[in-house]
Amino acid sequence: MRPQIFERPRTPEAVQRAVLAARQRGLIIKAVGAGHSFTGIAVAPGVLLDLSDMSGIVSVDRERSYVTLLAGTRLHQVPALLAPYGLAMENLGDIDRQSISGAISTGTHGTGAGFGGIATQVVGVTVITAAGEFRRIDEDHDPHLLGAFALGLGALGILVEVTLRCVPAFVMHELDRPEPLEEVLDGVLDRITNVDHFEFYWFPHTDIALTKTTTRLPESAKRKPLPPVGKWIDETLLSNGLYRVVCGAASAVPAIAPGFNRLAVRLTGDREYTDRSFKVLTQSRTVRFREMEYALPAEHVPAAFRAVQALIAERGWRITFPVEVRFAAADDLWLSTAHGRATGYIAVHRYWREDPTEYFTAVEAIMRTFGGRPHWGKMHTRDAASLREAYPRFDDFITLRDEVDPDRRFRNRHLDRILGA
Ligand SMILES: Cc1cc2nc3c(=O)[nH]c(=O)nc-3n(C[C@H](O)[C@H](O)[C@H](O)COP(=O)(O)OP(=O)(O)OC[C@H]3O[C@@H](n4cnc5c(N)ncnc54)[C@H](O)[C@@H]3O)c2cc1C
């Protein structure tokens, strides 16, 4: 859907003017980050604000390692911005193309049982409210509301500044190994408590898990980056180039999927390197896909995963994209998928040319039996009534939304579905 008005503000004051103008004209208005969500959550039929020109550091509190960024800053810009201060973001997801505001607004997370999603790094935000006013939420200003505004689904206001609690720059050692899937599932709950970061991928039609175990090291640790050729083969050729070709072919001839998956596992499973945190945590992903990801109480991950495995076998689907499993610490953000519970994430993907409906619907039904909560930026079919049951603070969020945006200036059809009109 095309917006009626497209604006690219360069300052928080320009955002304020845009909100006031939208209000006067009775238009709805939304900020969009990198547009990387898989749902219509960022669709802006009225006024679309592209904040790409609002990027960079606003201020740094060196004593507390708090860094305030303009809201349109992309995650891949952050390492260079933080480097002069010897700081880094505590954890990241698996790509860095998103804007900081888009990432936190949908609960973007990485992996690590001791680490929360990116929004848990937020210690303050400045928003333009529906009334067109600047409002600061942080330790000194309405601290009780930070848990809502830090992960607000774009429903509470337009973020213009985001303050992050950063950590001293660090290095990570990553060990990638193919391992027997059954053993990984049996031991995963112990394993995640013994390492800093753990995740695994399973290519359907194989019995191997590709595990990634990552250890945090001080910045002074000796780095052994992947040689550029190895990285190119892994990321450009295999993970993206060859993969794109095979996914394209498999969508026409599904029978080749199992053979390709076995080959992919053999070729990509094994590597070890040590590098700066953001280089280890994020990768490049250029093959287009659709994704659904569910957050479950961590202890249910092995059983839920086995149910997905059984489903794929029973239905005889040929799936080229892997199933991905990650973990995060419990947090207290009102609409965080990890709210109040140590969490495991199970993500399913399909190549963009393949219709994901049947697969995702069946997986979603399984996830719901395990108390699953869908990622806010990825595909799912839940509505407000069913999400209310999944989030103890759902009604608090709606009450706050009624207070700060009574006219639903920041609504769109997706938000009407998941939060109610
Ligand atoms: C290839 C790929 C890999 C991904 N990997 C991960 C991953 O590892 N972990 C994970 O959890 N997710 C992952 N995601 C999902 C992604 O992180 C989220 O969908 C995220 O919201 C995208 O950020 P964005 O900047 O593109 O936001 P958009 O999609 O542009 O916007 C998302 C929401 O944020 C709101 N928003 C944006 N800017 C503002 C603002 N200034 N003020 C108020 N609201 C705002 C929008 O209105 C919308 O509601 C991935 C997605 C892709 C395509």
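Residues numbered from 1 in each chain as written. Predicted model: local features only at pLDDT ≥ 70, side-chain atom pairs only at ≥ 80, totals over all residues. Heavy atoms only, no water.

Counting its regular elements, the protein chain contains 13 helices and 18 strands. For the protein chain, whose C-alpha radius of gyration is 21 Å, the value lies close to the compact-globule estimate of 22 Å for 421 residues. A principal-axis box enclosing the C-alpha atoms of the protein chain has dimensions of 60 × 50 × 35 Å. Counting over 421 residues, the protein chain shows a buried share of 57%. Considering only intrachain contacts with a sequence separation of at least 6, the fraction spanning at least 24 residues in the protein chain is 74%. (Helix = DSSP H or I, 4+ residues; strand = E, 2+ residues; numbered from the N terminus. Rg over C-alpha atoms; globule rule 2.2 N^0.38 Å. Buried < 20%, exposed > 50% of the residue type's maximum accessible area, 1.4 Å probe, protein only. Contact = heavy atoms within 4.5 Å.)

Strand order in the open sheet formed by 3 strands is E1-E3-E2, and the pairing between neighbours is parallel. Where the open sheet ends on each side, the last strands, each with one partner, are strand E1 (5-7) and strand E2 (29-32). Here the average twist between neighbouring strands, direction ignored, is 20°. (Pairing = 2+ DSSP bridges. Axes fitted to C-alpha atoms, helices over the stretch in contact; angles between N-to-C directions.)

The 5 strands lie next to each other as E4-E5-E9-E7-E8, forming an open sheet whose pairing is antiparallel. For this open sheet the edge positions go to strand E4 (57-61) and strand E8 (134-138), each flanked by a neighbour on one side alone. With strand direction ignored, the average angle separating the axes of adjacent strands in the sheet is 15°. As defined by bridge partners, strand E7 (residues 122-128) adjoins E8 across 5 bridges and the pair is classed as antiparallel. Bridging across to E8, Val125 finds its partner in Ile137.

As a further point, take the pattern of salt bridges. Using the criterion set out here, one finds 28 salt bridges in the structure. Asp53 is the partner of Arg8 in a salt bridge, and the nearest nitrogen-oxygen pair spans 3.1 Å. Highlighted residues: Arg8 in the loop between E1 and helix H1 (12-25) and Asp53 in the loop between strand E3 (47-50) and E4, separated in sequence by 45 residues. Put simply, Glu182 and Arg306 hold a salt bridge, and the shortest N to O gap is 2.9 Å. Of the two residues, Glu182 sits in helix H5 (residues 181-194) while Arg306 sits in helix H9 (residues 301-315), which places them 124 residues apart along the sequence. For Arg306, a relative accessible area of 29% gives the class partly exposed. Via salt bridges that share partners, Asp94, Glu291, Glu293, Glu324, Arg326 and Lys378 belong to a single interconnected network. (Salt bridge = Lys/Arg side-chain N within 4 Å of Asp/Glu carboxyl O.)

Here we take up the domain arrangement of the protein chain. Domain parsing of the protein chain yields domain 1 (5-168 + 384-419) and domain 2 (171-374). Taken over C-alpha atoms, the centre of domain 1 sits 27 Å from the centre of domain 2. Each side of the interface is counted separately: domain 1 has 39 residues, and domain 2 has 33 residues. In total, domain 1 and domain 2 occlude about 3,200 Å² of area from one another, counting both sides; carbon and sulfur atoms represent 63% of this. Our count for the contact surface shared by domain 1 and domain 2 stands at 1 salt bridge. (Domains from an automatic or database assignment. Buried area = accessible area lost by both parts, 1.4 Å probe.)

As a further point, take unusual backbone geometry. For Leu153, which is not a glycine, the phi torsion comes out positive at approximately 60°. As for its position among the elements, Leu153 is in the loop between helix H4 (146-149) and strand E9 (158-165). Residues other than glycine seldom take positive phi values, yet Arg408 does so here, at roughly 60°. Position of Arg408 among the secondary structure elements: in the loop between helix H12 (394-404) and helix H13 (413-419).

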